[in-house]
Amino acid sequence: MSFTSQNNRVYALCDANSFYASCEKVFRPDLRDTPVVVLSNNDGCVIAQSKEAKAMLDLYMCRPWFEIEEEAKKLGVVAFSSNYELYANMSNRFMATLRQFTPRQEVYSIDESFLDLTGIKRDLVVYGQEIKDTVMQWTGLPICVGMGSTKTLAKLANHCAKKQPHMNGVCDFTSMSEAELDGIMQQLPLSKVWGIGGKLEAKLNKVGVYDVLRLKRANPKRIRDEFGLLLERTIKELNGESWLGLDETLAEAKQVMSSRSFGTRVTTLQDLEQAVSYHATNASERLRKQGLYANAVYVFIQNSPFDKTEYYGASRVIALSSATDCTLQIAKAALWLLKRIYKEGIYYQKAGVMLMELVPESGQQTDLFSNYASDTKKSNLMATLDSINRKYSKGTIKLASEGTEKAWAMRRGYKSPNYTGDWSELPITS
């Protein structure tokens, strides 16, 4: 008897392996077997490692690059700065490829997606291999596929697919007997279950729950009384009862934020104005992509909390006369706020813009005294600006207040070209 007897649904979790590092390798075949790490903003800490880097010395994660750079380079490790434009484009290609294999999909994160495979009349392991091979052929990204009768089991199966070489990247729990599955669960620590972190794992250990199988067999009522409803649902999911359906709609954003630490410390108002203008533009573009309008603008600036001088952080918010998605209006409000919180003589380390009280186009309250013709012109202008920047590259057309030289820009000394988003940076073979 297979483990699908209680539940006819089949979910698959497709997860790209070492996503950031894998994206970097797609366009660098010479690094196919080379250990690669990706660094955080301003080339600060290691935030991603290729399988080769993990196998060599799995101690790089979250460590400051300057501390391990010399050692890493001696071992042949190649470092890349975070190339967010490339990762976003590769993620879109990955998700679009997966859509060929299912009528229903939930994009869970930049590198993970749930698929509904219910009703597929094929050997699911073979089907999973087809998904895996197609993603590799179409995008160059290595992935693993886990399948289960619930999303929690699919997530757990994905972990097994990654860690068991004989599975060749695909694990199907629905084809296993309950005894086979229990044997696997007995070997897995609680931290491998979706939603169980270190603190919760320690609390469960104290009541005698040490592995996934013991959690599966725990009394749901007792667990609910002591740990809450969510963990009770996790137990039911481990037992094949589906409580978490696919969410095919993106949650409506409550705020849109654009913020980055500076590559070098900033002291002048002019440099801060350029940074805030950039963030206002960036946030406005994200707003329009989601079809939302902002009723308020929030701006903050701060120096580093690790400076020897006294910490200074200031912020201010302004309500707009009517909801807008216009970059011109949002940037104007942001710069007005900046001038009221700026202080001379401070080495600023970070600035940001947040758009708040968001509403969809259909839910906005228009200004009684607004000029309809003027609003239409602004809307057309923003549509044209977005179209040009999408066609050529981001920042092709921008506000003059952003300036031309970004002395404050985030430090990315190891950044790869934007292979998928800029014609001038396409790879050329001789």
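Everything in this summary refers to the structure shown in the same document. Per-chain numbering applies: the sequence of each chain, read as written, is numbered from 1 onward. Only residues with pLDDT of at least 70 get local features here, since the model is predicted, and only at 80 or more are side-chain atom pairs given and counted; chain-wide, interface and lining totals rely on the full set of residues. Hydrogens and water are ignored here; the side-chain numbers use all heavy atoms of the structure.

Quick word on the sheet that holds strand 3 (residues 46-49)
Pairing in this open sheet of three strands is mixed, and the strands run 3-2-4 from one edge to the other. Each edge of the sheet is formed by a strand with only one pairing partner; in this case those strands are strand 3 and strand 4 (78-81). With strand direction ignored, the average angle separating the axes of adjacent strands in the sheet is 30°. Sheet analysis places strand 2 (residues 36-39) next to strand 3, joined by three bridges and oriented antiparallel. Residue pairing in the sheet places Val37 in a bridge with Gln49 of strand 3. Residues are treated as being in contact if the distance between any of their heavy atoms lies within 4.5 Å. Between the N-to-C directions of two axes lies an angle of 0 to 180 degrees, each axis being a line fitted to C-alpha atoms and, for a helix, fitted only over the stretch in contact. Here a strand is any run of E in DSSP of at least two residues, a helix any run of H or I of at least four, and the numbering for each starts at the N terminus. Each of strand 2, strand 3 and strand 4 is contacted by helix 1 (residues 19-26), which is oriented at about 115° to strand 2, the strand it contacts most. Being paired, for any two strands, means DSSP has found at least two bridges between them.

A word on the pattern of salt bridges
Oppositely charged side chains are able to pair whenever their charged atoms sit close together. For this document, the term salt bridge refers to a Lys or Arg side-chain nitrogen within 4 Å of an Asp or Glu carboxyl oxygen. Counted by the stated rule, this structure contains 17 salt bridges. The partner of Lys216 in a salt bridge is Glu178, with the nearest N and O atoms 3.5 Å apart. With a gap of 38 residues between them, Lys216 in helix 9 (residues 212-216) and Glu178 in helix 7 (residues 178-186) connect regions that are remote in the sequence. One continuous salt-bridge network, built from bridges that share partners, spans Glu178, Asp182, Lys216 and Arg217.

Remarks on the sheet that holds strand 7 (residues 143-148)
Read from one edge to the other, the open sheet built from five strands follows the order 5-6-1-7-8, with strand pairing classed as mixed. The open sheet has two free edges, formed respectively by strand 5 (105-109) and strand 8 (170-172), since each of these has just one partner strand. Across this sheet, the average inter-strand angle for adjacent strands is 15°, counted without regard to direction. Here helix 4 (residues 84-98) sits on the sheet in contact with strand 1 (11-16), strand 5, strand 6 (112-116) and strand 7, set at roughly 10° to strand 6. Across the sheet, helix 5 (residues 124-139) lies against strand 1, strand 6, strand 7 and strand 8, angled at about 155° from strand 7, the strand it touches most.

Looking at helix 5
By definition here, a helix of n residues has an expected span of 1.5 Å times n minus one. For helix 5, spanning 16 residues, the distance from its first C-alpha to its last is 22 Å, which sits close to the expected 22 Å at 1.5 Å a residue. Each residue is assigned to one of three classes by its accessible area relative to the maximum for its type, calculated with a 1.4 Å probe on protein chains only: buried under 20%, partly exposed between the two thresholds, exposed over 50%. Taken as a whole, helix 5 has its buried residues at Leu124, Tyr127, Gly128, Gln129, Ile131, Lys132, Thr134, Val135 and Thr139. By the criterion applied in these results, polar contacts are pairs of N or O atoms within 3.5 Å in which, for protein atoms, one can donate a hydrogen and the other can accept it, and in which residues neighboring in sequence qualify only through two side-chain atoms. Put simply, Asp123 is the residue that caps the front of helix 5, since its side-chain oxygen is 2.9 Å from the backbone nitrogen of Val125. Gly140 occupies a position one or two residues after helix 5 and carries a positive phi of about 85°.

A few points about the side chain of Lys151
Structurally, the position occupied by Lys151 is in helix 6 (residues 151-163). Residue Lys151 is classed as buried on the basis of its relative accessible area of 4%. At 2.7 Å, the side chain of Lys151 and the side chain of Glu106 are in polar contact. Ignoring any residue separated from it by four or fewer positions in sequence, one finds Lys151 in contact with Tyr11, Glu106, Phe114, Trp194, Glu237, Leu244, Gly245 and Leu246.

Topic: the side chain of Asp116
With respect to the element layout, Asp116 can be found in strand 6. Within the structure, the side chain of Asp116 is placed 2.8 Å from the side chain of Arg104, a separation counted as a polar contact. A polar contact of 2.7 Å, which involves the side chain of Asp116, links it to the side chain of Thr118. Dropping the residues within four chain positions of it, Asp116 is found in contact with Arg9, Val10, Thr102, Pro103, Arg104 and Leu246.

Structural notes on unusual backbone geometry
The phi dihedral of Asn42 is positive, around 60°, even though this residue is not glycine. For Asn42, a relative accessible area of 10% puts it in the buried group.

Thoughts on a positive patch on the surface
Residues form patches when they are more than 30% accessible in relative terms and have no salt bridge. Like charges link within 9 Å. Nonpolar side chains (Val, Leu, Ile, Met, Phe, Trp, Tyr) link within 5 Å. Where accessible areas are quoted, they stem from the Shrake-Rupley method and a 1.4 Å probe; at the residue level, only the protein chains shown are allowed to cover. By the counting scheme adopted, Arg and Lys are positive, Glu and Asp are negative, and His together with the chain ends is not counted. Where a charge lies is defined by one atom per residue type, namely NZ (Lys), CZ (Arg), CG (Asp) and CD (Glu). Taken together, the side chains of Arg286, Lys289, Arg390, Lys394, Lys398 and Lys406 define a basic patch exposed on the protein surface. For Arg390, a relative accessible area of 61% puts it in the exposed group.

Some points on the nonpolar core
Joining through side-chain atoms within 4.5 Å is the link that ties buried Ala, Val, Leu, Ile, Met, Phe, Trp, Tyr and Cys residues into a set, and such a set is a nonpolar core. Core analysis: the biggest nonpolar cluster contains 34 residues, and Leu272, Val297, Tyr348 and Leu355 have the highest contact counts within it. If you list the elements that add at least two residues to this core, you get strand 9 (256-266), helix 12 (269-289), strand 10 (292-303), strand 11 (313-324), helix 13 (327-341) and strand 12 (348-356). Element by element, the count of residues in this core is highest for helix 13, at eight residues. Look past the residues within four positions of Leu355 in its chain and what remains in contact with it is Lys254, Gln255, Val256, Ala283, Ser284, Leu287, Ala294, Ala296, Val297 and Ile330.

In short, the description is geometric, and any link to function would need to be established separately.
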